[in-house]
Amino acid sequence: MNEEFRPLNKKKTPSRAECEAIIRRILTTETSARTVNATFKRPSDFMGFFESLYTPSAALTKQVQRAIKSLDMAKDANGYYILNKSKEQSNQDNIIRSALSDAHYSVNLLDNASNLFLALDRKYIDFVMETLAESITFKPYIITMFPCYNGLLIVTNDKEKTYDLLTNINL
């Protein structure tokens, strides 16, 4: 057969690694265009892209399914694949989300926080820490405290006020 009359054939079935790379590119494009994947839930959703590049076959379908399984991608609440997150990561994130929700959490930036060290006799550290934590006077200014070998490390949102309260307390 003459070279010039040979029909142009699509490429053969890609390797699993090639399929994984293509799937990542597809999902990256999807998430950059829409900020979230709202198209791909099943391996069959990718087949249109693969069949445009490769000859449609059962082997191609199987290879895409293997690639999806190998990527071990998590799915969001609506069942769409999440790029760059494994099922294990997603499960851990769900556990953390649930625990934080149960704990009525808040996130506080410590940009304006300062540290003070309150030197104490070791036997009074726990008592003073508990007393300061429950104090109506000190509570608004103390973010957290850490017991140390010879005192308390106090993280405060108003260093001067906390310092003044500690040094001018009526003993």
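Up top you'll find the structure we're talking about.
Residues numbered from 1 in each chain as written. Predicted model: local features only at pLDDT ≥ 70, side-chain atom pairs only at ≥ 80, totals over all residues. Heavy atoms only, no water.

Description of the packing of aromatic side chains
Reasoning step 1: Using the criterion set out here, one finds three aromatic pairs in the structure.
Reasoning step 2: Both rings, one in Phe40 and one in Phe46, keep their centres 4.5 Å apart while their planes meet at 15°; by these two values the pair is stacked. Here the two residues Phe40 and Phe46 agree in accessibility, since each one is buried.
Reasoning step 3: Between Phe46 and Tyr81, the aromatic rings sit 6.1 Å apart at their centres with planes inclined by 40°, giving tilted as the arrangement. Placement of the pair is Phe46 in the loop between helix 1 (16-34) and helix 2 (47-53) and Tyr81 in strand 2 (residues 81-86), with a sequence separation of 35 residues.
Reasoning step 4: With a relative accessible area of 0%, Phe46 lands in the buried category.
Reasoning step 5: For the cation-ring pair, Lys41 lies above Tyr80, with the distance from its terminal atom to the ring centre recorded as 4.8 Å.
Reasoning step 6: Across from the ring centre of Tyr81, 4.8 Å away, lies the NZ or CZ of Lys75, which sits over that ring. (Phe/Tyr/Trp six-rings, centres within 6.5 Å; stacked < 30°, edge-to-face > 60°. Buried < 20%, exposed > 50% of the residue type's maximum accessible area, 1.4 Å probe, protein only. Helix = DSSP H or I, 4+ residues; strand = E, 2+ residues; numbered from the N terminus. Lys NZ or Arg CZ within 6 Å of the ring centre and 35° of its normal.)

Quick look at the sheet that holds strand 5 (residues 151-156)
Reasoning step 1: One open sheet accounts for three strands, arranged 3-5-4; its pairing is antiparallel. Of all the strands in the sheet, the pair left with one neighbour each is strand 3 (114-119) and strand 4 (142-148). Averaged over all adjacent pairs, the angle separating strand axes in this sheet is 20°, with direction ignored.
Reasoning step 2: As defined by bridge partners, strand 3 adjoins strand 5 across six bridges and the pair is classed as antiparallel. Bridge assignment links Ala119 to a residue of strand 5, and that residue is Gly151.
Reasoning step 3: Contacting strand 3, strand 4 and strand 5, helix 5 (residues 125-134) crosses the sheet at an angle of about 175° to strand 4.
Reasoning step 4: Sheet strands touched by helix 6 (residues 159-167): strand 3 and strand 5. Its angle to strand 3, the strand with the most contacts, is close to 15°. (Pairing = 2+ DSSP bridges. Axes fitted to C-alpha atoms, helices over the stretch in contact; angles between N-to-C directions. Contact = heavy atoms within 4.5 Å.)

A few points about the packing of helix 1 against helix 3 (residues 58-71)
Reasoning step 1: At a closest axis distance of 8 Å, the pairing of helix 1 and helix 3 adopts a crossing angle of 70°. Taken together, the axes of helix 1 and helix 3 lie roughly perpendicular to each other. In the crossing of helix 1 with helix 3, the sense of the turn from one axis to the other is right-handed. Counted together, Arg16, Cys19, Glu20, Ile23 and Arg24 of helix 1 and Gln63, Val64, Arg66, Ala67, Ile68, Ser70 and Leu71 of helix 3 form the full contact between these two elements.
Reasoning step 2: Counted by class, the contact of helix 1 with helix 3 contains six nonpolar, two polar and four charged residues. (Parallel < 35°, antiparallel > 145°, perpendicular 65-115°, else oblique. Left-handed = near helix turned anticlockwise from the far one by under 90°. Nonpolar A, V, L, I, M, F, W, Y, C, P; charged D, E, K, R; others polar.)

Description of the pattern of salt bridges
Reasoning step 1: For the coordinates displayed, the defined rule picks out five salt bridges.
Reasoning step 2: When the shortest N-O distance is used, the salt bridge between Asp93 and Lys85 registers 2.7 Å.
Reasoning step 3: Asp93 gets classed as partly exposed once you look at its relative accessible area, which sits at 27%.
Reasoning step 4: Assessed through its relative accessible area of 27%, Lys85 is described here as partly exposed.
Reasoning step 5: What you see here is one network of salt bridges that share partners, running through Arg16, Glu20 and Arg24. (Salt bridge = Lys/Arg side-chain N within 4 Å of Asp/Glu carboxyl O.)

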